[in-house]
Protein chains: 4
Amino acid sequence: MAGEPINLYELEAICEGTLPQNEWDYVAGGATDEITLERTRSVFDHIALRPRMLAGIPDADLSVSVLGQHIGLPFMLSPCGSHKRAHEDGELASARAAAAAGTILAVSANCSYAPEEIARAADGPKWYQTYFYRDREQTVDRVHMAEENGYDAICVTLDAVWPPKRERNIRNSYQRLPTAGEAPGLAPPKDLTKFNSGISSRSRVDPGASWDDVAWLRSVTNLPIVFKGIITREDAALCAEHGVDALIVSNHGGRNLDTTISTIEALPEVAEAAGDVEVYLDGGIRRGTDVVKAIALGAKAVMLGRPMFWGLAYAGDQGVVHMLDILRDEVETTMMMCGKARIEDIGRDLITRLPELR
Amino acid sequence: MAGEPINLYELEAICEGTLPQNEWDYVAGGATDEITLERTRSVFDHIALRPRMLAGIPDADLSVSVLGQHIGLPFMLSPCGSHKRAHEDGELASARAAAAAGTILAVSANCSYAPEEIARAADGPKWYQTYFYRDREQTVDRVHMAEENGYDAICVTLDAVWPPKRERNIRNSYQRLPTAGEAPGLAPPKDLTKFNSGISSRSRVDPGASWDDVAWLRSVTNLPIVFKGIITREDAALCAEHGVDALIVSNHGGRNLDTTISTIEALPEVAEAAGDVEVYLDGGIRRGTDVVKAIALGAKAVMLGRPMFWGLAYAGDQGVVHMLDILRDEVETTMMMCGKARIEDIGRDLITRLPELR
Amino acid sequence: MAGEPINLYELEAICEGTLPQNEWDYVAGGATDEITLERTRSVFDHIALRPRMLAGIPDADLSVSVLGQHIGLPFMLSPCGSHKRAHEDGELASARAAAAAGTILAVSANCSYAPEEIARAADGPKWYQTYFYRDREQTVDRVHMAEENGYDAICVTLDAVWPPKRERNIRNSYQRLPTAGEAPGLAPPKDLTKFNSGISSRSRVDPGASWDDVAWLRSVTNLPIVFKGIITREDAALCAEHGVDALIVSNHGGRNLDTTISTIEALPEVAEAAGDVEVYLDGGIRRGTDVVKAIALGAKAVMLGRPMFWGLAYAGDQGVVHMLDILRDEVETTMMMCGKARIEDIGRDLITRLPELR
Amino acid sequence: MAGEPINLYELEAICEGTLPQNEWDYVAGGATDEITLERTRSVFDHIALRPRMLAGIPDADLSVSVLGQHIGLPFMLSPCGSHKRAHEDGELASARAAAAAGTILAVSANCSYAPEEIARAADGPKWYQTYFYRDREQTVDRVHMAEENGYDAICVTLDAVWPPKRERNIRNSYQRLPTAGEAPGLAPPKDLTKFNSGISSRSRVDPGASWDDVAWLRSVTNLPIVFKGIITREDAALCAEHGVDALIVSNHGGRNLDTTISTIEALPEVAEAAGDVEVYLDGGIRRGTDVVKAIALGAKAVMLGRPMFWGLAYAGDQGVVHMLDILRDEVETTMMMCGKARIEDIGRDLITRLPELR
């Protein structure tokens, strides 16, 4: 199709031109000075690849196994609230796209359509994302809903226990869209503090949850448990110790706390400490080379958040498929040019020139 | 209150738009090329946080103990000359704001109102800042005044023994405002050199003062002694050796000597050498994450200089309260998102990616 | 000659003003975000020279021995496709220039004139560049052609086994020029993927070729074998192990895979692992100091790609001679000012301040 | 005097506005891409000072001993050609200024006035700069002239054995001014190569001179010998071995070879290897802090080149005095604020955050 966007940056520009300013700011923005937002992306560009020649690989196989499930791509769709802000079909479109492309959609607790309806929208594998709510029965209710509707894993977001300070939203007096089950126009919960933009249901999330809650969660479900928001070796080790099945290295896309470490910088220490816990990376992925770098540094797969909205705004489910297709093509090109036939062949020696950490 | 500034940078912009150019330049400017001025601020942005998850903290307690005094916030107001340049109420307003917010105001030797009057303006804890004057009796006089008026500590500024070269002021032919007790329109003391802007009473300050003077100062007062302007491990060790109660890591806001090390860079070595001496950091604090980083690297609390003027220029005492409230809120958000319930839980492991020093 | 370009950047600007936009983009551009393209050049500027005084050298000898052949300059012309895009005389002009300047032209598999004709155009030494084609008989055919026409070595390009993503070309719907033996206007082979710009004959190149193919290639020719595209110590060691005669450290001018390491950064580890294999550096050379730095870090000589097109566009063979003459003069100046009389006197101690790799 | 320039940058701007473009370019420019020119200056800004408090110093003594001669300032005037390009009085003005300020003028081999006349212009200490000419008798002649006219040392410039490539001058078709003894309008010697701007008498300079010539030079004069252009530890050690009295760390102001190491970066290793040889630093000094940093890293004093022209262009000898006075004042301020009473108290511990070299 002539004139189609050829990379994720072009998709982003289309989305910026399509969405109302306040919705664009909500999708694109981050916490306070947006330093982490910027660095989480740009630091990838400073990591260098060391491609190998004459590897004897006629083609590349991009498939990976995630929580025992075989998927065709080493990237998945992150849990993000209210897909409707980018396209009327919202999560229904995203689910169709993920299934068509052969990967997993993680459905957010704050979805625009009912998770039961999303589950029925397409056949592909899906995860359901929830929180440790102050009222743990709400968590149990959501877990059981997920089980009953065929979700394949429970993803618990850990790094959203307090209202973030997103200054674009404050300046826009941003009102979040109602999520599934809320009345249209429902006012957002009162901000916890006047300077924060408490625009999601965070006030129901329990900042007092602790590692002791893992055993409790395990006791109420047999689904695999995925923790999202781990960014240190210490917490990775605690995941392993408490029997979490997988973790997502994430700084919430730079949206919650500014100047936190970028995810690709945190990845090596997290992966080293995670033991048998599967590790995925979220944040900053825009190019196939980014995917390959994350895998080289210890991720089993990566997750995409904002690019999903860009695809939705471009052309609904077909737009998301297009976005995934661009990335698939770039990963394949990178693997072929680096002499790596399979994802598991991609190792630390493919990388050099890492930023220094102390 | 709708339309209120939501961060310290917005307050700064309001102040710039409000003050006469020469007063703005005096507040905002620094020595010669302003390299230290810039770096003291920007280097904070390159230090990364490593937030911890599932810390099980229902809320955050921001209070600290400073010289045995319990205060509600981990930041205080630095001694700065002539608050009247930003608001008619000058230090009276600052004192009311500090008391209302539950923190300490350090009153400058060059205050616009008499320190006796400032002491009566509000109930909160206060420090009085002075110098080792060439005429030590002047120092004794000021110390006794402070004792008699209920000041809680004597802060001695060490890094202002010579006229600084502040080129904005030289170009403006800046005349400092008369301080309390001076006749209106009093001409500033003659500059020691024609290229310097000797606009304060520095010529009365003794560059010949030495560590031997600490014992002398201790002999004339029972108040705690706080030394301001320490920036090296060597001088921190000398503070400990000579029984100073507390020190402030400060480069005078980049105002006195250019290309000195930034305060957050100097902090780790100073804190390590300081032993039992309490350590506070001054300079460059604009965000709650900055406060938390300084504490992680060894400060017991931090001090705010220019932001106080911004608050005064915005709305007098209410403006300073607003400034402190913004910062309080950002520190709380940072602590909650990093999993730190109390200030003393914030340690070195919360930080990574420090600039390299040799 | 007054008004002549005095450095390679001026030649580049002339070329940009001369070529049609799509041809300029083809010559100047690189893969995706062009990060490697930029860094491969700019990183030279951060490497510092340590010139030696009183070295007692009346003049400098720039000649080197390459594969046993004595040439007058420590730089050669890289194999690049279709010189006709810059000048009607194409490779015939380049061959004349190389011979006149006393260096080697490497003729590309995708040349505008028949390699037999180019061989006859001038007397100087020449290499022929080819691939491991899927149909190995094509490779044999090309090797035999090269032998029969007096080429002095076979250069095999290894890092072009897959269509690169060159976004300038995609946006231009770039159609490559027909190469020698193709009908005019011949459509390029179908792109392997819709996002790539498969504008050369790469689809005939075998990504399944492996190190086992070296012995096979050796069995079909007695010409020296030069491998182009080595960028890691591992592959350099494999070159040595398999008896390759020489290798070219190259990232294909940043044209094939983005964010690969720059060539001068890779050079030290490659040179160390290469043993008796001769090492040349390709990519980013614009100044005589760049040549000297590459030699100091282990290269026997360097290769020039884009500057050859700039010279061609400026004045055909005379333009290329002019380009080579500028560089010769700059290398001589650098050697004289560094106290190095001969190329082999240039060693690692002439260099400091290398970018850090891990 | 109101409205006088308050720093060296303002003097520079005045000079730029005063000189004809081609003379300005000659003074301000450097070799090829001017990377060394820029870095030699800017790298100072990244080095941080660690000022000490309560040092008990009533005042600062800026005097130093240079080759056994006591001078009032830790900076001298570098040998630079043709001062007339900035002021009609040329070196006569510079000599008067140096004497008035109490420092040394090094007179260039390419001076606008006869060195005999310059020697009589003022009473202060002076050095004469010369070369190892191809015709060593010319060197002997100059050395004897220097001795007979009371010059205090012979400075031999080592890093100018070949015509530099200064592209501003090439583009300007710059013709250097005739030096003393040449006929007005005398054409410059033919450039050695067409791309270089061989605008001084360099073609008479012998690139074949070697360390063996030191003993010869010593045999023809009893004056102290100062070598200018040393930038490596190896050559510093050779200076010590051959009994040179002093050396100047210099990259010829970035004018001769580009991308050489900056002088302040080279200084530590040179100073360490120099043993009893006195070390001075040339290049990039614009602020009093720069002077202090150079001394902290091992220089006994520093030398000023371009700023001398700025002072001359501003107001002849009085302009140079003004320039020296600004710098004197800044050095004094730096010493007082760093707690250093004498130049010899300034040591390595005053410095941190050096750029990394390998």
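Everything numeric here is computed off the predicted structure, so don't read it as measured data.

Enquirer: Please provide a residue-by-residue account of the relation of the copies chain B and chain A, values included.
Expert: Each copy superposes on the other: chain B lies on chain A with an RMSD of 0.0 Å after a rotation of 90° and an axial shift of 0.0 Å. Expressed as an axis order, the relation between the two copies is that of a four-fold axis. It is B:Glu356 whose C-alpha, among those of chain B, lies nearest the rotation axis, at 6.8 Å.

Enquirer: Give a detailed account of the packing of aromatic side chains, specifying residues and quantitative values.
Expert: Each aromatic ring pair is characterised by the separation of its centres together with the angle its planes make. Going through the model one piece at a time under the given rule, you end up with 27 aromatic pairs over all chains. Aromatic pair B:Phe132 and B:Trp216: ring centres 6.5 Å apart, planes at 50°, arrangement tilted. Linking B:Phe132 in the loop between strand E6 (126-130) and helix H6 (136-148) with B:Trp216 in helix H8 (residues 212-220), this pair joins segments that are 84 residues apart in sequence. Judged by its relative accessible area of 3%, B:Phe132 falls in the buried class. Judged by relative accessible area, which is 24%, B:Trp216 ranks as partly exposed. Arranged with centres 4.8 Å apart and planes meeting at 10°, the rings of D:Tyr26 and D:Tyr174 form a pair that is stacked. Here D:Tyr26, found in helix H2 (residues 21-28), pairs with D:Tyr174, found in the loop between helix H7 (167-172) and helix H8 (212-220); they are 148 residues apart in sequence, far enough to count as distant. Since its relative accessible area comes to 13%, D:Tyr26 is described here as buried. Put simply, the rings of B:Phe132, B:Trp211, B:Trp216 and B:Phe227 pair up and form one aromatic cluster.

Enquirer: Talk me through the nonpolar core; I want residue IDs and the actual numbers.
Expert: One finds A:Phe227, B:Phe227, C:Phe227 and D:Phe227 to be the most contacted residues of the largest nonpolar core, which totals 490 residues. Each residue touching A:Phe227, except ones within four places of it in the same chain, is listed here: A:Phe132, A:Val156, A:Leu158, A:Trp211, A:Val214, A:Leu217, A:Cys239, A:Val244, A:Ala246, A:Leu247, A:Ile248 and B:Leu54.

Enquirer: I'd like a rundown of the relation of the copies chain C and chain A, residues and numbers included.
Expert: Placing chain C over chain A gives an RMSD of 0.0 Å and needs a rotation angle of 90°, together with 0.0 Å of translation along the axis. Little of the interface of chain C is mirrored in chain A: 4% of its interface residues are interface residues there too.

Enquirer: How would you explain the pattern of salt bridges if you had to name every residue and give the values?
Expert: Applying the stated criterion across every chain yields a total of 119 salt bridges over all chains. Among the ionic pairs, A:Asp317 bridges to A:Arg96, the shortest N-O distance being 3.0 Å. Residue A:Asp317 is found in helix H12 (residues 306-338), and its partner A:Arg96 is found in helix H4 (residues 90-101); the two are separated by 221 residues along the sequence. Overall, A:Arg96 belongs to the partly exposed group, its relative accessible area being 31%. A salt bridge links C:Arg41 to C:Asp45; the shortest N-O distance between them is 3.5 Å. By relative accessible area, C:Arg41 is classed as buried at 13%. Residues participating in the shared-partner salt-bridge network are A:Glu10, A:Arg287, A:Glu330, C:Asp33, C:Lys165, C:Glu167 and C:Arg171.

Enquirer: Before we move on, can you summarise the interface of chain B and chain A with the specific residues and values?
Expert: If you look at the interface, chain B gives 41 residues, while chain A gives 46 residues. On the chain B side of the interface with chain A, the three residues burying the most area are B:Met53, B:Leu54 and B:Arg353, jointly 23% of the side's total. The partner of B:Glu10 in a salt bridge is A:Arg171, with the nearest N and O atoms 2.7 Å apart. In this structure, the connection of chain B to chain A is made through 17 residue pairs in polar contact (both at pLDDT 80 or more). Take the side of chain B that touches chain A: its biggest share by element is eleven residues, from helix H12 (residues 306-338) of chain B. The residue inventory of the side of chain B that touches chain A, partitioned by class, reads 20 nonpolar, seven polar and 14 charged.

Enquirer: Explain the interface of chain C and chain A residue by residue, including any values.
Expert: Residue-level contacts link 46 residues of chain C with 41 residues of chain A. A combined buried area of about 3500 Å² lies between chain C and chain A, and 55% of that area is made up of carbon and sulfur atoms. On the surface where chain C and chain A come into contact, there are eight salt bridges. Taken together, the links from chain C to chain A amount to 17 residue pairs in polar contact (both at pLDDT 80 or more). Residue assignment for the side of chain C that touches chain A shows that the elements contributing at least two residues are helix H3 (35-42), helix H7 (167-172), strand E8 (225-230), helix H9 (233-241) and helix H10 (263-273) of chain C. Take the side of chain C that touches chain A: its biggest share by element is four residues, from H9(C). A class-by-class count of the residues in the side of chain C that touches chain A yields 20 nonpolar, eleven polar and 15 charged.

Enquirer: A description of the packing of helix H11 (residues 288-296) of chain C against helix H12 (residues 306-338) of chain C should follow, citing residues and the corresponding values.
Expert: All names here are of chain C. With their axes 7 Å apart at the nearest point, H11 and H12 run at an angle of 60° to one another. Here H11 is positioned oblique relative to H12, judged by the angle of their axes. Considering only the axes of H11 and H12, their crossing is right-handed. Across the interface between the two elements, Gly288, Thr289, Val291 and Val292 of H11 pack against Leu327, Glu330, Val331, Thr334 and Met335 of H12. In the contact of H11 with H12, the residues fall into five nonpolar, three polar and one charged.

Enquirer: An account of helix H9 (residues 233-241) of chain B is needed here, citing residue identities and associated values.
Expert: Residues spaced three or four apart along an α-helix point in a common direction, a consequence of the helix completing one turn every 3.6 residues. Residue and element names in this part refer to chain B. Along H9, the positions that sit buried rather than exposed are Asp235, Ala236, Leu238 and Cys239. The buried residues of H9 all sit within an arc of 160° when viewed along its axis, so they share a single face. Tucked into the core, H9 has its buried residues touching strand E8 (225-230), strand E9 (246-249) and helix H10 (263-273). Gly243 occupies a position one or two residues after H9 and carries a positive phi of about 75°.

Enquirer: Before we move on, can you summarise the environment of A:Asp89 with the specific residues and values?
Expert: All names here are of chain A. Relative to the helices and strands, Asp89 is located in the loop between strand E4 (75-77) and H4. With relative accessibility at 27%, the residue Asp89 sits in the partly exposed group. In this structure Asp89 touches Arg96 and Tyr113, once residues within four positions along its chain are discounted.

What counts, and where the lines are drawn
- Residues numbered from 1 in each chain as written.
- Chains lettered and ligands numbered in written order.
- Predicted model: local features only at pLDDT ≥ 70, side-chain atom pairs only at ≥ 80, totals over all residues.
- Heavy atoms only, no water.
- Least-squares fit on C-alpha atoms with pLDDT ≥ 70 in both.
- Phe/Tyr/Trp six-rings, centres within 6.5 Å; stacked < 30°, edge-to-face > 60°.
- Helix = DSSP H or I, 4+ residues; strand = E, 2+ residues; numbered from the N terminus.
- Buried < 20%, exposed > 50% of the residue type's maximum accessible area, 1.4 Å probe, protein only.
- Core = buried A, V, L, I, M, F, W, Y, C linked by side-chain atoms within 4.5 Å.
- Contact = heavy atoms within 4.5 Å.
- Salt bridge = Lys/Arg side-chain N within 4 Å of Asp/Glu carboxyl O.
- Buried area = accessible area lost by both parts, 1.4 Å probe.
- Polar contact = N/O pair within 3.5 Å; in protein donor to acceptor, adjacent residues only side chain to side chain.
- Nonpolar A, V, L, I, M, F, W, Y, C, P; charged D, E, K, R; others polar.
- Axes fitted to C-alpha atoms, helices over the stretch in contact; angles between N-to-C directions.
- Parallel < 35°, antiparallel > 145°, perpendicular 65-115°, else oblique.
- Left-handed = near helix turned anticlockwise from the far one by under 90°.
- Arc of directions from axis to C-beta.

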